[in-house]
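What follows is each chain in one-letter form.
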Amino acid sequence: MAALPVPLLVLALLLLAGCGGPGAAGQRRKEMVLSEKVNQLMEWASKRSVIRMNGDKFRRLVKAPPRNYSVIVMFTALQPHRQCVVCKQADEEYQILANSWRYSSAFTNKIFFAMVDFDEGSDVFQMLNMNSAPTFINFPAKGKPKRGDTYELQVRGFAAEQLARWVADRTDVHIRVIRPPNYAGPLMLGLLLAVIGGLVYLRGSNLDFLYNKTGWAFAALCFVLAMTSGQMWNHIRGPPYAHKNPHTGQVNYIHGSSQAQFVAETHIVLLFNGGVTLGMVLLHEAATSDMDVGKRKIMCIAGIGLVVLFFSWLLSVFRSKYHGYPYRYVRL
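Residues numbered from 1 in each chain as written. Predicted model: local features only at pLDDT ≥ 70, side-chain atom pairs only at ≥ 80, totals over all residues. Heavy atoms only, no water.

### As for the pairing of strand β3 (residues 111-117)
Step number 1: In terms of burial, β3 is largely enclosed, as seven of its seven residues are buried.
Step number 2: Taking every second residue as pointing to the same face, both faces of β3 are buried, with Ile-111, Phe-113, Met-115 and Asp-117 on one and Phe-112, Ala-114 and Val-116 on the other.
Step number 3: Across three bridges, strand β1 (residues 50-52) lies against β3 in parallel orientation. Looking at β3, one finds that Val-50 is bridged to Phe-113.
Step number 4: As a crossover connection, the stretch from strand β2 (residues 70-76) through helix α4 (residues 85-102) into β3 is right-handed. (Buried < 20%, exposed > 50% of the residue type's maximum accessible area, 1.4 Å probe, protein only. Helix = DSSP H or I, 4+ residues; strand = E, 2+ residues; numbered from the N terminus. Pairing = 2+ DSSP bridges. Right-handed = clockwise from strand over helix to strand, strands pointing away.)

Here's what the structure looks like:
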């Protein structure tokens, strides 16, 4: 085999170095595709914090490689005819989280927030074998979603703060949730102070009502019932009001797990605790009041009935959450 002249040999080496072979060309194509995808997502994110996707956009930007970014996708059903109240509540929190990320100083193209509505991407629901909404899934930058990449909505609730903790756990992106100002609290406090000030002004010569033991006892009882029913848990976790089965349409007001609850469940427990308390108050009055014997007997029977009925319902709720609990007051 004849040797090439030195100039031709140098030229051939330069051409090979410039072309880099088939592997280098493929790598450049992947980089170009990735750059186009990132630029497209950044353009959409600059206009709307949560990117709405249909089937084509989802397959091209989320499922198909290459991808060096994570995408948090909320699968939902927001159309009015779907009657998904929880979807609307979850969407509000999701928008708060996405806006907090989009307008933060740490915003990068490392993570994007997207949404697939059932009426706009039913093929995506079928592709993922998904039959409930809302559902949050993290599609990582590399590989397929793992078990932990599906958000446990029934356990954690859909508050933006809880979603932010989950996002930080799955992507190492820490988002400081910034909520829009809510003036309802200050307005209610101002109204309460105005009412109290008005009462003091109108009854300035007679402030005996401030020493009314019954009034203070009633206020303290209302506070205790609200706290023992789980209102603080609702405020921290932000659970849905109830859950509607998308297949049967059945609405569940009691969560089946001992690790979570619905807002409606706290209202039910509050009512039951109030019924038991009222029964105990009637029993106390029947034993200590100066009324005639007949009225005291009626109060005693009514008190026993309230305690038995509402305490039995409380045990039924407890049994439905702690499966296998062996005790019941009466069989309901």
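### Focus on helix α12 (residues 293-321)
Step number 1: An ideal rise of 1.5 Å per residue puts 42 Å on 29 residues; α12 measures up with 42 Å between its terminal C-alpha atoms.
Step number 2: Every buried residue belonging to α12 is among Met-299, Gly-303, Val-307, Phe-310, Ser-312, Leu-314, Leu-315, Val-317 and Lys-321, and all of these are buried.
Step number 3: Buried residues along α12 sit against α11 (263-288).
Step number 4: The backbone nitrogen of Gly-294 lies 3.2 Å from a side-chain oxygen of the residue at the head of α12, namely Asp-292. (Expected span 1.5 Å × (residues − 1). Contact = heavy atoms within 4.5 Å. Polar contact = N/O pair within 3.5 Å; in protein donor to acceptor, adjacent residues only side chain to side chain.)

### Quick notes on the sheet that holds β3
Step number 1: The strand order across the open sheet formed by four strands is β1-β3-β2-β4, and the pairing between neighbours is mixed. Two strands bound the open sheet, and with one partner strand each, they are β1 and β4 (135-139). Going across the sheet, the axis of each strand differs from the next one's by a mean of 30°, ignoring polarity.
Step number 2: Here β2 runs beside β3; their pairing, made up of seven bridges, is parallel. Of the residues in β3, the one forming a bridge with Ser-70 is Ile-111. (Axes fitted to C-alpha atoms, helices over the stretch in contact; angles between N-to-C directions.)

### Focus: the packing of aromatic side chains
Step number 1: Using the criterion set out here, one finds 14 aromatic pairs in the structure.
Step number 2: Ring geometry for Tyr-94 versus Phe-136: centroids 5.4 Å apart, planes at 50°, classification tilted. Here Tyr-94 is found in helix α4, whereas its partner Phe-136 is found in strand β4, with 42 residues between them in sequence.
Step number 3: Here the aromatic cluster, defined as three or more aromatic residues joined through ring pairs, consists of Phe-58, Phe-75, Phe-118, Phe-125 and Phe-139. (Phe/Tyr/Trp six-rings, centres within 6.5 Å; stacked < 30°, edge-to-face > 60°.)

### Looking at the state of the cysteines
Throughout this description, disulfide means a covalent bond between two cysteine sulfur atoms.
Step number 1: Per the stated rule, a full pass over the model turns up one disulfide.
Step number 2: The disulfide partner of Cys-84 is Cys-87, and the S-S distance across this bridge is 2.1 Å. Taking the torsion about the S-S bond as the criterion, the Cys-84 to Cys-87 disulfide, at about 70°, is right-handed.
Step number 3: Judged by its relative accessible area of 0%, Cys-87 is buried. (Disulfide = S-S within 2.5 Å.)

Purely geometric stuff here, so don't read any function into it on its own.
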